[in-house]
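Here are the chains, one letter per residue:
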Amino acid sequence: MKTDLSTIRKTVATTSTIFPKTQTQKIEAAFKELFQKFSQIPEIGRFKPVKVNIENPVPGSYIKKSAIVVEPLADKNDFRTRVLTFVAQSPYNKETTFAISPANGNKFSIDSTLKNPKIKTLFKNFIKMAEKAFETANV
C-alpha cells in the first residue's frame, strides 16, 4: 500500500474573536500612548502639552470624557519641570472640569511615574472623586 502525504493531511480551523477593550485596558493603553508621546519630548526646553483623551474611563461612571496631560510648569523661567495632570469633564456642563496633578518633576520623574502601575489605580480613584465633586457642585 502506497501512502501519499497529500492524501493524509490535517484540517485545522482557526477562529478569531475580537473583543472590545475592557476599561482597564483602555486606561493602560492611554498611559502607554502618553508615555510614547512624552518620550519624544526633550529633557530641557519648552513643549506643547501632551494630551491623551479617554472615553468612558470607568465602568458604571457617568463621566464620559477624561484626559491625562503632561504639560510644562507655568513658571516661564523653568524649562525642566513637567506636570502630570488628570482631567475629568463634567457631564452637566462641558466647560467645567475637575483636575488634579499627582506628579511633577523633571522628565525622568514623570517617565517613572507613568511606568508605575499604581498610577492607573490612582486614575480610577480620581474618576470616583470627580463624580463626587460634580454631584456635590451639580455643575
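Below is a short write-up of the structure.

Criteria and thresholds
- Position labels on residues start from 1 in each chain and follow its written sequence.
- Note on the predicted model: pLDDT of at least 70 is required for a residue's local features to be given, and 80 or more for side-chain atom pairs to be given and counted; whole-chain, interface and lining totals, by contrast, use all residues.
- To get the side-chain values, take all heavy atoms of the structure and skip hydrogens and water.
- Think of it in three bands: with a 1.4 Å probe and only protein chains considered, a residue is buried below 20% of the maximum accessible area for its type, exposed above 50%, and partly exposed in between.
- In this description a helix means any DSSP run of H or I spanning at least four residues, a strand means any run of E spanning at least two, and both kinds are numbered starting from the N terminus.
- Pairing between two strands is assigned when DSSP locates at least 2 bridges connecting them.
- With axes taken as lines fitted to C-alpha atoms, and helix axes fitted only over the stretch in contact, angles between N-to-C directions fall between 0 and 180 degrees.
- Should any heavy atoms of two residues lie within 4.5 Å, those residues are counted as being in contact.

This part takes up the pairing of strand β3 (residues 82-89). Taken across its eight residues, β3 has six buried, putting it largely inside the fold. The sheet contact formed by strand β2 (residues 65-72) and β3 spans seven bridges and is antiparallel. Bridge assignment links A67 to a residue of β3, and that residue is V87. Relative to strand β4 (residues 97-105), β3 runs antiparallel, the two being bridged by seven bridges. Paired with R82 across the bridge in β4 is G105.

Bringing the sheet that holds β4 into the picture now. Strand order in the open sheet formed by four strands is β1-β2-β3-β4, and the pairing between neighbours is antiparallel. In this open sheet, the two strands that pair with only one neighbour each are β1 (50-55) and β4. Each neighbouring strand pair of the sheet contributes to a mean axis angle of 15°, computed without reference to strand direction. Relative to the sheet, helix α2 (residues 107-115) contacts β2, β3 and β4, its axis offset from that of β4 by approximately 120°.

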